[in-house]
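# Structure assessment
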Amino acid sequence: MATVLVTFVDAGSGAAFARSELPAQQLPESFAAQTTLQLGADSWLVERTEPATRAEAVAAGGMVLTLRRVQAMAPQDILFSLPTIADALPALSDAAAPGNVLVLHEDDWRQVEFLSHRQRPAIDAEWAAIRQILADHRRGAGFDRIHVREIGPIADPPPWARVRAQLGRPDHEFAGVRFRDSPGLVAGSFALGFGDAVCYGTVEHDRVTVLGLTALAPITPPEGLVLVDWCAAAS
């Protein structure tokens with residue numbers, strides 16, 4: 001059985017820190033970018049291999065793996081960029097999204113939104129938790145805790161036709177909404193551009209179940225709804 005002398009080099013210092021004679025079949029055919037190896041108690045990221053493939057290493061009789069130690073971050077050092085996020089994301093369509101869509105990061109879903117007036121007690125409870133995060137858990141540019149909101153979308157979904165009429169004529173109409181890392185549209189989604197802000201949401205059975213904004217804008221809340229800015233804990 002062919003063997004390969006593998007030399008492990010620390011990318012940080014440039015020094016070889018280990019050598020091992022390994023059966024060729026234990027090596028992958030090639031080391032893809034960002035491959036991680038576990039050596040003892042430490043994880044190492046493969047930055048470079050010379051030669052690049054197992055076949056070439058067998059022919060040469062040896063291989064040099066240049067690795068960089070993965071530095072584990074202590075849980076207490078992990079910061080969240082936002083004080084709050086919604087607890088659930090909407091369903092996605094199986095169909096691939098067209099080009100003319102509003103692209104959102106998942107964390108931005110329902111950060112500024114319209115809710116029913118009768119949801120005020122639940123809104124106040126969520127605000128109390130978010131204000132505690134803002135007051136007690138800010139660490140520089142981030143937060144060491146995050147509040148996951150459990151409040152649902154619009155409790156009394158208004159008719160889509162009425163909301164569309166009350167919003168007025170948009171500057172631009174998108175084909176829907178998709179998340180940055182997903183190819184499919186949010187099911188039943190819409191997005192309407194008004195200046196620098198986009199009003200987006202979902203419609204089910206001709207009623208608006210989610211109505212959000214990408215940014216605060218001088219848009220009059222549709223009848224029966226109140227505007228909520230979750231990260232600012234204000235309306």
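Residues numbered from 1 in each chain as written. Predicted model: local features only at pLDDT ≥ 70, side-chain atom pairs only at ≥ 80, totals over all residues. Heavy atoms only, no water.

Turning our eyes to something else, we now look at the side chain of H147. Within the fold, H147 resides in strand β12 (residues 147–149). Judged by relative accessible area, H147 falls into the buried class, the value being 17%. Within polar-contact distance, the side chain of H147 engages the side chain of E126 at 2.5 Å. The residues touching H147, leaving out its near neighbours within four places in the chain, are P83, T84, I85, E126, A129, I130 and I133. (Helix = DSSP H or I, 4+ residues; strand = E, 2+ residues; numbered from the N terminus. Buried < 20%, exposed > 50% of the residue type's maximum accessible area, 1.4 Å probe, protein only. Polar contact = N/O pair within 3.5 Å; in protein donor to acceptor, adjacent residues only side chain to side chain. Contact = heavy atoms within 4.5 Å.)

Attention now goes to the sheet that holds strand β5 (residues 62–69). Within the open sheet, the 5 strands sit side by side as β2-β1-β5-β4-β3. Their pairing is mixed. Every interior strand has two partners, whereas the edge strands, β2 (16–23) and β3 (36–39), have only one. Each adjacent strand pair in this sheet contributes to an overall mean axis angle of 40°, direction not counted. In terms of strand pairing, strand β1 (residues 3–10) meets β5 through 6 bridges, oriented parallel. The residue of β5 that forms the bridge with D10 is L67. (Pairing = 2+ DSSP bridges. Axes fitted to C-alpha atoms, helices over the stretch in contact; angles between N-to-C directions.)

To continue, consider unusual backbone geometry. Residue P51 follows E50 across a cis peptide bond; omega there is -5°. With respect to the secondary-structure elements, P51 resides in the loop between β4 (42–50) and α1 (54–60). Here R110, not a glycine, exhibits a phi torsion of approximately 60°, which is positive. Relative to the helices and strands, R110 resides in the loop between β8 (102–104) and β9 (112–116). Non-glycine residue H205 carries a positive phi angle of around 55°. As for its position among the elements, H205 is in the loop between β17 (197–204) and β18 (207–213). For H205, a relative accessible area of 77% gives the class exposed.

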